[in-house]
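# Breakdown of the fold
Listed below are the residues making up each chain.
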Amino acid sequence: MIILVLQTTGIMMVMGGVLAALLVIAERYLADYGECNIDINGKRQEKVKGGSSLLSSLNSRNIYLASACGGRGSCGFCKCKVIEGGGPLLPTEKPFLSPEEISENIRLSCQVKIKKDIKIELPEAIFNIRKFKAKVSSIRDYTHDIKELTLDLKDSSTINFKAGQYIQLHSARYGKVKQSVSRAYSISSNQSSTDLVQVIIRLVPKGICTTWVHEYLKEGDDVEFTGPYGDFYIRDTDKDIIFIAGGSGMAPIKSMLEWLLEINSPRKIFYFFGARCKEDLYLTEYLYEFENKLADFEYHPVLSQPGEEDKWQGKTGYITPYLKDVIRDSKNTEAYLCGSPGMINSVSKGLKEYGISESDIFYDSF
Ligand SMILES: Cc1cc2nc3c(=O)[nH]c(=O)nc-3n(C[C@H](O)[C@H](O)[C@H](O)COP(=O)(O)OP(=O)(O)OC[C@H]3O[C@@H](n4cnc5c(N)ncnc54)[C@H](O)[C@@H]3O)c2cc1C
Ligand code: FES
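Computed from a predicted structure; not experimentally measured.

Attention now goes to the overall build of the protein chain. Helix and strand content of the protein chain: 8 helices and 17 strands. If you line up the protein chain on its principal axes, its C-alpha atoms span 75 × 60 × 45 Å. Evaluated residue by residue, the protein chain yields a buried proportion of 46% over its 366 residues. Summarising the internal contacts of the protein chain: among those between residues at least 6 apart in sequence, 69% fall at separations of at least 24. On the protein chain, roughly 19200 Å² of surface is accessible, and the fraction owed to carbon and sulfur atoms is 53%. Both charge centroids of the protein chain, one from 45 positive and one from 47 negative side chains, sit 6 Å from each other.

Across the sheet, 5 strands lie side by side as β2-β1-β5-β3-β4; this open sheet has mixed pairing. Edge positions in the sheet fall to β2 (44–49) and β4 (106–108), since each of these pairs with one other strand and no more. The mean angle between the axes of side-by-side strands here comes to 40 degrees, regardless of whether they run parallel or antiparallel. In terms of strand pairing, strand β3 (residues 79–84) meets strand β5 (residues 118–121) through 3 bridges, oriented antiparallel. Its bridge partner being in β5, Val82 is matched across the sheet by Ile120.

Thresholds, definitions, all that
- Residues numbered from 1 in each chain as written.
- Chains lettered and ligands numbered in written order.
- Predicted model: local features only at pLDDT ≥ 70, side-chain atom pairs only at ≥ 80, totals over all residues.
- Heavy atoms only, no water.
- Helix = DSSP H or I, 4+ residues; strand = E, 2+ residues; numbered from the N terminus.
- Buried < 20%, exposed > 50% of the residue type's maximum accessible area, 1.4 Å probe, protein only.
- Contact = heavy atoms within 4.5 Å.
- Areas by Shrake-Rupley, 256 points an atom, 1.4 Å probe, with all protein chains shown as cover.
- Lys, Arg positive; Asp, Glu negative; His and termini not counted.
- Charge placed at Lys NZ, Arg CZ, Asp CG, Glu CD.
- Pairing = 2+ DSSP bridges.
- Axes fitted to C-alpha atoms, helices over the stretch in contact; angles between N-to-C directions.

As structure tokens, this is what we get:
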């Protein structure tokens, strides 16, 4: 009897699975939604073939929303206000949306499939985001797993960005990897150099894009990217600044420092860079030089686990306890953080305990 019940349940499950698969295949290959209209801000109309995601349909019209995961529904970056025609909110979107965003009809554009005419709202800044072709003019090794790429823009193009923003680099197919992916990388060069961008990329073991960059990409190769994206940039105030970064989180901070130097910023600035040991430090001399060039700047590398061979005399352990000593007036201090989510969480918590307001803490975590 039990065997019969198990057999029947098994057959039902297999049939259910087959039916679901058939529905997906039918939806993908047989459903014809015809031509649909995307109404953008009530001002611009884009005709697209129905059946694709809102994100990729906009891409096909040279409108590039942020999408750090390349449309996999795992980054939550591709938010967009859908006024009409977006269909019901999907379970895949909910984890990335706050109750306020849901009530304002914010959706993940990679999860919204275009099946009929749709009305959306986009901030004007989105229209500044473009696709660029570039040549890799140099690849520089910084540590055993961090490289800086210099990408010279082709076709006399120029890019206007704010120090701290990022691009999305499109990888090429290589080895057994048959897919091209798009990944976010903060710009490490100065915003006044508009004919190139530099990025600092740390190798993620088995990572699709970083393996391509570290093991396959060569000087002279052509690449494509879109940008600029993001709201991690220096606010135009006279408050003291504390920069905190780790690993490749150096990239946007380097760009910000170069910009602050160029505008002769009189602001009081501290930079704490966290690394495990001495071999993970880079650009050290370059950053100490800013102490002589900027009006009021201190660089503090902090090692969490220096080895005996490092003969390290500097700061050790966690960064957070050192921050207390450099905050002159917590109401007049901004913090810019870039590094792993764990580092961002623990440093933000400490900064708030030292009296820095949440609205004065800015970060990009990756
Ligand atoms: C706004 C923003 C700015 C960024 N700027 C930079 C930058 O300047 N420099 C830089 O090196 N990276 C940066 N990143 C991270 C970058 O976009 C990629 O996520 C990262 O390079 C991994 O891509 P991949 O294709 O090699 O790995 P994937 O193929 O996407 O991932 C492979 C595996 O590694 C895991 N993984 C993914 N990312 C990490 C990670 N960072 N650490 C550990 N495991 C990971 C995944 O969960 C997966 O299991 C940024 C991310 C964001 C969102
Ligand atoms: S592109 Fe990452 S969630 Fe949509």
